[in-house]
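Notes for the structure review
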Amino acid sequence: MKTFATLLLLLAGAASATEIKLPDETAAYKQSPLPGYQLVLNNCLLCHSAHYAQMQPPSSPRSYWEATVKKMKKPFGAQFSDDDIPAMVDYLSKVYGAEKPKP
Ligand code: HEC
């Protein structure tokens, strides 16, 4: 009887080990009081999740983010206003790029 209980525990353990859990932040942009955060939520989730932003090297400078955001408009065809670009670049540089505060 005791062996049976142990076996059940082992099976339960094995079952949960095969479950693939992705961290929540894989898909969502990191929350921030910066004004660019809301703009990114409005403008950057139409075609893909925040995954691509998270995959960029943390050393990415502001110029890289600016080029990337502009690339989403042209050639990729995003529809946001040019007026939104500086605040979004600011957010991306500070939250995902080289201007991220060091811990
Ligand atoms: C019109 C659709 C569209 C919108 C809107 C869009 N993207 Fe993209 N994004 C793409 C495509 C297409 C790719 C390239 C995917 C690939 O290479 O497989 C991409 C790739 C990326 C990458 C990966 C790096 C690279 O240079 O390819 C990042 C980072 C990124 N997007 C960030 C953003 C941000 C930030 C926004 C909002 C400002 C945004 N995207 C809005 C279509 C879009």
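Everything discussed here concerns the structure shown above.
This text gives an overview of the structure that appears in the document. (Residues numbered from 1 in each chain as written. Predicted model: local features only at pLDDT ≥ 70, side-chain atom pairs only at ≥ 80, totals over all residues. Heavy atoms only, no water.)

**Examining the nonpolar core**
Here is the rule we go by: In plain words, nonpolar cores are sets of buried Ala, Val, Leu, Ile, Met, Phe, Trp, Tyr and Cys residues tied together by side-chain atoms within 4.5 Å. Only protein chains enter the accessibility calculation, which uses a 1.4 Å probe. A residue is then buried if its area is under 20% of the maximum for its type, exposed if over 50%, and partly exposed in between. Secondary structure elements are taken from DSSP: a helix is a run of H or I of four residues or more, a strand is a run of E of two residues or more, and numbering for both begins at the N terminus. Contacts were defined at the residue level, with two residues in contact if any of their heavy atoms lie within 4.5 Å.
Judged by nonpolar contacts, the single largest core of 17 residues is most densely connected at Tyr-29, Val-69, Tyr-91, Leu-92 and Tyr-96. Listing elements by their share of this core, those giving two or more residues are α2 (35-43), α4 (62-73) and α5 (85-95). Here this core gets 6 residues from one element, more than from any other, and that element is α5. Leaving out residues up to four positions away in the same chain, Val-69 has contacts with Phe-80, Ile-85, Met-88, Val-89 and Leu-92.

**A word on the site of the ligand**
Our working rule: Residue proximity to a molecule or strand is established when one non-hydrogen atom of the residue lies within 4 Å of it. Pairs of N or O atoms within 3.5 Å make up the polar contacts considered here, provided that, within protein, one atom can donate a hydrogen while the other can accept it, and that residues adjacent in sequence are counted only when both atoms are side-chain atoms. Cavity and pocket criteria rest on a 1 Å grid covering protein atoms alone: a 1.4 Å probe that fits but cannot get out defines a cavity, protein on both sides within 12 Å along at least 5 of 7 lines defines an open pocket, and an atom within 4 Å of a point defines a lining residue. Just a note on the criterion: a molecule sits in a pocket or cavity if more than half of its atoms are within 2 Å of the grid points. For this classification, the nonpolar set comprises Ala, Val, Leu, Ile, Met, Phe, Trp, Tyr, Cys and Pro, the charged set comprises Asp, Glu, Lys and Arg, and every other residue, Gly included, is treated as polar.
What surrounds the ligand is a group of 18 residues, the closest being Cys-44, Cys-47, His-48, Lys-71 and Met-72. Contacts to the ligand include Tyr-52, whose side-chain N or O atom sits 3.2 Å from an oxygen atom. Taking Lys-71, its side chain carries an N or O atom lying 2.5 Å from an oxygen atom of the ligand. Cavity membership is defined here by more than half of the atoms lying within 2 Å of grid points; on that basis the ligand lies in the largest pocket. Looking at the shell around the ligand residue by residue, the classes come out as 12 nonpolar, 5 polar and 1 charged.

**Considerations on the pattern of salt bridges**
Should the charged atoms of two oppositely charged side chains come close, the side chains can pair. Rule in force here: Salt bridges are defined by distance alone: a side-chain nitrogen of Lys or Arg within 4 Å of a carboxyl oxygen of Asp or Glu.
Under the definition given, this model contains 5 salt bridges. Two residues, Arg-62 and Asp-90, come together in a salt bridge whose shortest N-O distance is 2.6 Å. Of this pair, Arg-62 sits in helix α4 while Asp-90 sits in helix α5, and the two are 28 residues apart along the sequence. Residue classification places Asp-90 among the buried residues on the basis of a relative accessible area of 17%. The residue Arg-62 makes a salt bridge to Glu-99 at a minimum N-O spacing of 2.8 Å. Separated by 37 residues along the polypeptide, Arg-62 in helix α4 and Glu-99 in the segment after α5 bring together distant segments of the chain. Given the relative accessible area of 35%, Glu-99 is considered partly exposed. Each of Arg-62, Asp-90, Lys-94 and Glu-99 takes part in a single network of salt bridges with overlapping partners.

**A closer look at the packing of aromatic side chains**
Rule in force here: The pairing test for Phe, Tyr and Trp rings, Trp by its six-membered ring, is centres within 6.5 Å, and the orientation test on the planes gives stacked under 30 degrees, edge-to-face over 60, and tilted for anything in between.
Under the counting rule described, the total for this entry stands at 5 aromatic pairs. Relative to Tyr-96, the ring of Tyr-29 has its centre 6.2 Å away and its plane inclined at 80 degrees; by these criteria the two rings are edge-to-face. Note that Tyr-29 is positioned in the loop between α1 (2-18) and α2 and Tyr-96 in the segment after α5, a separation of 67 residues in sequence. A residue is classified by how much of its surface remains accessible, and Tyr-29, at 7% relative accessible area, is buried. The exposure class assigned to Tyr-96 is buried, which follows from its relative accessible area of 5%. Pairing Tyr-37 with Tyr-91 gives two aromatic rings, centres 5.8 Å apart and planes at 40 degrees, and the pair type is tilted. Here Tyr-37, found in helix α2, pairs with Tyr-91, found in helix α5; they are 54 residues apart in sequence, far enough to count as distant. By the burial criterion, Tyr-37 is buried, and Tyr-91 matches it. Grouping aromatic residues by their ring pairs yields a cluster made of Tyr-29, Tyr-37, Tyr-91 and Tyr-96.

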